[in-house]
Amino acid sequence: MIPVATSIAEIYQWLEEVKDPEIPVLSLVDLGVITEVAIDGQKVKIELTPTFAGCPAMEVMKSEIIEKLKSKGIPEVEVQISFRVPWSSEFISEKGKKALKKYGFAPPPSNKLFTDLEILETAICPRCDGTNTIMKSPFGPTLCRSIYYCNDCKEAFEQFKPL
Amino acid sequence: MENTALKELLYKMADDQLILGHRNSEWTGFGPLLEEDIAFSSMAQDKIGHSLALYTLLHQLGEQDPDTVAFTRNANQFHNCVFTELPNQEYDFSLVRHFLYDTAEAIRFEMLSSSSYEPLAQVARKFRGELRYHTLHAKTWITQLGTATDESISRLQKSLDEAMPFALGLFEKSPYETELIEQGIFAGEEELKKRWLMKLNETLSKTELILPDWKILQPLEGGRMGKHSDHLQPLLDEMSEVFRLEPGAEW
């Protein structure tokens, strides 16, 4: 049986404890990849939306969600990977953006600010807040990160890509 | 059978993504700059991710599971265009192919984002955002190297001349073209080609490069019907080598 008091809000709270395997300061809820939670009798159904279609962390996230909810006493968990809503970096919460910056990543700028990716040539340095930066490559160590260099503090840094 | 047309469309797109994804991955460890090594590897990952999403749609329509479809077919059962299976050659050829192919790919998924087949429209809307990074990458390098030195310009021009007939093979028409257009699934190869040529000219006009006169070129077609060059089977053998060792293995 599902514990009597289980609510959708509570499930979200538990999911806060599941982190992005590649950015361990960011929970899946803050990353915005949990796009639906539903309770259906004995079962909890989660809709998981990939950040990038080729993200190899999706399967890990899926199994960690199942493990977490089972450990909280949910008898049956179904996780569906879906493209119903295309993920956007706008889905990252304010809390998530702060966590990213603290971890050394420039959070994605609002995608409402640009219509053409060419203006993404600069980003704000997460270390010194400098803006004298240059994009070195739109592709970084994972699909969701690009590489920049800060001319002020002379350090390379990564930005979570706006999408 | 309405699904026949749809499946044919999905197969050719999925196979294009898988095969070019594999070719891109061959740059891993060999790129001319570390950033380019990473760029081609990342684009490989994206493209193979896209093929997985498209094979999953096919699976939902009753085809076999994505791994079986990707790893157990022979060359004559693949529907990718010949362009995607050509060896990487030197970096200039890979870059030109990336530019020509990804420009078409981005427009194709833009068009499909309003497809009447909603599951396809959903994945197309997803790919669209990702592909902006691919076209940005291609455009940046073509513009820079296409205006840089005599050597960079002549190398790109030579590759462009060589690649163009193959690139035109991308738009080989499906036997179900009319059906797809009438049902609102896909607006068709002819429309795609028209938009593609416009987009190419937009970028090339900022360089010293000249788009070959496509009207007098004979497109190299056949891939969509399973007629491939000798380069595809060795690629498939290498790609599926591990899978075939133990087909039912759990990873």
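Since the model is a prediction, treat every value here as computed from it, not as a measurement.

What counts, and at which threshold
- Residues numbered from 1 in each chain as written.
- Chains lettered and ligands numbered in written order.
- Predicted model: local features only at pLDDT ≥ 70, side-chain atom pairs only at ≥ 80, totals over all residues.
- Helix = DSSP H or I, 4+ residues; strand = E, 2+ residues; numbered from the N terminus.
- Rg over C-alpha atoms; globule rule 2.2 N^0.38 Å.
- Buried ≥ 20, exposed ≤ 12 C-beta atoms within 10 Å, placed from the backbone.
- Contact = placed C-beta atoms within 7 Å.
- Pairing = 2+ DSSP bridges.
- Axes fitted to C-alpha atoms, helices over the stretch in contact; angles between N-to-C directions.
- Nonpolar A, V, L, I, M, F, W, Y, C, P; charged D, E, K, R; others polar.
- Expected span 1.5 Å × (residues − 1).
- Bend = angle between axes of the 7 residues up to and from the residue.
- Core = buried A, V, L, I, M, F, W, Y, C linked by C-beta atoms within 7 Å.
- Domains from an automatic or database assignment.
- Parallel < 35°, antiparallel > 145°, perpendicular 65-115°, else oblique.
- Left-handed = near helix turned anticlockwise from the far one by under 90°.

Asks: I would appreciate a short explanation of the overall build of chain B in the present structure.
Replies: From N to C terminus, chain B includes eleven helices and zero strands. Its C-alpha atoms give chain B a radius of gyration of 18 Å, within 12% of the compact-globule value 18 Å for 251 residues. C-alpha atoms of chain B, sized along the principal axes, occupy 55 × 45 × 30 Å. Looking at chain B as a whole, 44% of its 251 residues are labelled buried. Counting contacts in chain B only where the partners sit at least 6 residues apart, residues at least 24 apart contribute 76% of the total.

Asks: Explanation requested: the overall build of chain A in the structure shown.
Replies: If you tally the helices and strands in chain A, you get four helices and nine strands. The C-alpha extent of chain A, read off along each of the three principal axes, is 60 × 25 × 25 Å. Counting every position in chain A, which comprises 163 residues, the buried fraction comes to 37%. In chain A, once contacts between residues fewer than 6 apart in sequence are set aside, the share between residues at least 24 apart is 52%.

Asks: Got a minute to help me understand the sheet that holds strand S5 (residues 76–81) of chain A in this structure?
Replies: To summarise the sheet geometry, strands pair through backbone hydrogen bonds and adopt either a parallel or an antiparallel arrangement. All names here are of chain A. As summarised here, the arrangement of the three strands in space is S3-S4-S5, forming an open sheet in which the pairing is mixed. Taken across any chain shown, the strands that pair with only one partner, and hence form the sheet edges, are strand S3 (34–40) and S5. Strand-to-strand twist across the sheet, computed as the mean angle between neighbouring axes with direction ignored, equals 15°. Here strand S4 (residues 43–48) runs beside S5; their pairing, made up of six bridges, is parallel.

Asks: How should the interface of chain B and chain A be read in this particular structure?
Replies: Interface size is commonly expressed as the accessible area that is lost once the parts come together. Contacts between chain B and chain A engage 21 residues on the former and 15 residues on the latter. With eleven residues, helix H6 (residues 118–145) of chain B is the single largest residue contributor to the side of chain B that touches chain A. Among the residues making up the side of chain B that touches chain A, the classes are represented as eight nonpolar, seven polar and six charged.

Asks: Can you help me understand H6(B) in this one?
Replies: Structurally, the α-helix is built with 3.6 residues per turn, so residues lying three or four positions apart point the same way. Its 28 residues give H6(B) an end-to-end C-alpha distance of 40 Å, which sits within 8% of 40 Å, the value for a rise of 1.5 Å per residue. Of all the bends in H6(B), the largest measures some 35° and sits at Glu130(B).

Asks: What's the story with unusual backbone geometry in this structure? I'm lost.
Replies: For residues that are not glycine, phi is negative in most cases, and the peptide bond is trans in most cases. Positive phi values are uncommon outside glycine, yet Lys154(A) reaches one of about 55°. On the secondary structure map, Lys154(A) appears in the loop between strand S8 (145–150) and strand S9 (155–160). Looking at Lys154(A), the number of C-beta atoms within 10 Å reads 9, which means it is exposed. Even without glycine at this site, Gln89(B) takes up a positive phi of about 55°. Relative to the assigned elements, Gln89(B) resides in the loop between helix H4 (82–85) and helix H5 (91–112).

Asks: What's the story with the environment of Val82(B) in this structure? I'm lost.
Replies: Residues and elements named next belong to chain B. For Val82, the location among the structural elements is in helix H4. Overall, Val82 belongs to the buried group, with 22 C-beta atoms counted inside 10 Å. Once the C-alpha coordinates of Val82 and Gly226 are considered, the two residues, 144 residues apart in sequence, prove to be 9.4 Å apart.

Asks: What am I meant to see in the nonpolar core here?
Replies: Nonpolar side chains tend toward joint burial in soluble globular proteins. Ranked by internal contacts, the top residues of the largest apolar core, which has 106 residues, are Leu9(B), Leu10(B), Leu54(B), Phe83(B), Val123(B) and Ala167(B). The residues touching Leu54(B), leaving out its near neighbours within four places in the chain, are Leu10(B), Met13(B), Ala14(B), Gln17(B) and Val123(B).

Asks: I would appreciate a short explanation of the domain arrangement of chain A in the present structure.
Replies: What the domain assignment reports for chain A is domain 1 (8–81) and domain 2 (105–160). The centre of domain 1 of chain A, based on its C-alpha atoms, is set 28 Å off from the matching centre of domain 2 of chain A.

Asks: What exactly am I supposed to notice about the packing of H5(B) against helix H7 (residues 150–168) of chain B here?
Replies: For any two helices packed against each other, one specifies the crossing angle of their axes together with the interaxial distance. Residues and elements named next belong to chain B. Packing of H5 against H7 leaves a shortest axis separation of 9 Å and a crossing angle of 50°. When the axes of H5 and H7 are compared, the pair comes out oblique. Judged by the twist between their axes, the crossing of H5 over H7 is right-handed. Facing H5, whose interface residues are Asp92, Phe93, Val96, Arg97 and Leu100, H7 presents Arg155, Leu156, Ser159, Leu160, Ala163 and Ala167. When grouped by side-chain class, the residues that make up the contact of H5 with H7 number seven nonpolar, one polar and three charged.

Asks: Sorry if this is basic, but what is going on with the environment of Ser146(A) here?
Replies: Mapped onto the fold, Ser146(A) is located in strand S8. With near-sequence residues (within four places) excluded, Ser146(A) lies in contact with Met135(A), Ser137(A), Pro138(A), Phe139(A), Gly140(A), Glu158(A), Gln159(A) and Lys161(A).

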